[in-house]
Amino acid sequence: MFVSFNTGCIFSGQWGTPTVSPAGVFGMLAGVLASIIESVGDYYACARLSGAPPPPKHAINRGIGMEGIGCLLTGAFGSGNGTTSYSENIGAIGITKVDDLHVSFTMLVAADVYVVTVAL
């Protein structure tokens, strides 16, 4: 039995032993299938917005595989969320016309500093 000492840390098994039911399995499979379809669309949309050629099938397979491994790791560590590509980020590329990670990070930090400054 795992006991939480209210430290705010997430650890595996903190909610008890996992249970498996047919309804839960089919529900999760539906969610995984929807996430895969959305991710494939995100890959093509990102390539189109950034002016790159469409991604080859092996690159899409690697991307989906890495998202799956990420979800397995987050589940093993007890996190309540998975990893996937986000359509919101693709929309941000379309709006800002910025597809460089460093520029996007700088814009994000600037926005955070602005919000914190205004909140004070």
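Residues numbered from 1 in each chain as written. Predicted model: local features only at pLDDT ≥ 70, side-chain atom pairs only at ≥ 80, totals over all residues. Heavy atoms only, no water.

1. As for the overall build of the chain
Put simply, the rule is: Each helix is a run of DSSP H or I of at least 4 residues and each strand a run of E of at least 2, with the numbering of both proceeding from the N terminus. Burial here depends on accessible area, computed with a 1.4 Å probe over protein chains only, as a share of the maximum for the residue type. Under 20% is buried, over 50% is exposed, and the range in between is partly exposed. When checking whether two residues touch, look at their non-hydrogen atoms; a contact exists if any pair is within 4.5 Å. For every accessible area listed, the method is Shrake-Rupley and the probe measures 1.4 Å; residues are considered covered only by the protein chains on display.
A tally of regular secondary structure across the chain gives four helices and zero strands. Secondary structure elements of the chain, listed N to C terminal, follow the sequence α-α-α-α. For the chain, with 120 residues in total, the buried portion stands at 13%. A fraction of 51% describes how many contacts in the chain between residues 6 or more apart in sequence connect residues 24 or more apart. Accessible area of the chain: about 9,400 Å², with a carbon and sulfur share of 71%.

2. A closer look at a nonpolar patch on the surface
Stated formally: Candidates for patches are residues over 30% relative accessible area with no salt bridge; among them, like charges are joined within 9 Å and nonpolar side chains (Val, Leu, Ile, Met, Phe, Trp, Tyr) within 5 Å. One speaks of a salt bridge when a side-chain nitrogen belonging to Lys or Arg is within 4 Å of a carboxyl oxygen belonging to Asp or Glu.
On the surface, V20, V25, F26 and L29 cluster together into a nonpolar patch covering about 440 Å² of accessible area. With respect to the secondary-structure elements, L29 resides in helix α1 (residues 22-50).

3. A few points about helix α3 (residues 87-96)
Selection rule: Of all possible arcs, the one meant is that of the directions from the helix axis to the C-beta atoms.
All buried positions along α3 are accounted for by I90, I93 and G94. Projected onto a plane normal to the axis of α3, the buried residues spread over an arc of 95° and lie on a single side. For α3, the exposed residues set more than 90 degrees away from the buried face come down to E88 and I95. Contact partners of the buried residues in α3: α1. Positive backbone phi, approximately 60°, marks K97, located one or two places after α3.

4. Structural notes on the confidence of the model for the chain
Quick reminder of the rule: Residue-level confidence of the predictor is what pLDDT reports, using numbers from 0 through 100.
Of all residues in the chain, 83% have pLDDT values of 70 or greater, and the mean over the chain is 81. Looking at the elements of the chain, mean pLDDT is at its lowest for helix α4 (residues 101-119), recorded as 79, and at its highest for α1, recorded as 90.

5. Topic: the packing of α1 against α3
Worth spelling out the cut-off: To get an axis, a line is fitted to the C-alpha atoms, and for a helix only the part in contact is used. The angle between two axes follows their N-to-C directions and goes from 0 to 180 degrees. For classification purposes, an angle smaller than 35 degrees is called roughly parallel, one larger than 145 roughly antiparallel, one from 65 to 115 roughly perpendicular, and anything else oblique. Each crossing gets its handedness from the near helix: less than a right angle anticlockwise from the far helix is left-handed, clockwise is right-handed. Each residue is assigned to one class: nonpolar for Ala, Val, Leu, Ile, Met, Phe, Trp, Tyr, Cys and Pro, charged for Asp, Glu, Lys and Arg, and polar for all the others, Gly among them.
At a closest axis distance of 10 Å, the pairing of α1 and α3 adopts a crossing angle of 10°. When the axis of α1 is compared with that of α3, the two are roughly parallel. Our pair here, α1 against α3, has a crossing hand that is left-handed. Only S87, I90, I93 and G94 of α3 make contact with α1, whose side of the interface consists of E38, D42, A45, C46 and L49. When its residues are assigned to classes, the contact of α1 with α3 shows five nonpolar, two polar and two charged.

6. Concerning the environment of P54
Relative to the helices and strands, P54 is located in the loop between α1 and α2 (57-76). With a relative accessible area of 59%, P54 lands in the exposed category.

7. Focus: the side chain of S85
Convention followed: Side-chain atoms alone can form a polar contact between residues adjacent in sequence; in general such a contact is a pair of N or O atoms within 3.5 Å, and within protein one must be able to donate a hydrogen while the other accepts it.
Examined against the element boundaries, S85 turns out to sit in the loop between α2 and α3. A polar contact is formed between the side chain of S85 and the side chain of S39, at a distance of 3.2 Å. With residues up to four places along the chain from it excluded, the contact list for S85 reads S39, D42, Y43 and E67.

8. With respect to the side chain of D42
The topology assignment puts D42 in helix α1. Once you skip the residues sitting within four places of it in the chain, D42 turns out to touch S85, Y86, S87 and I90.

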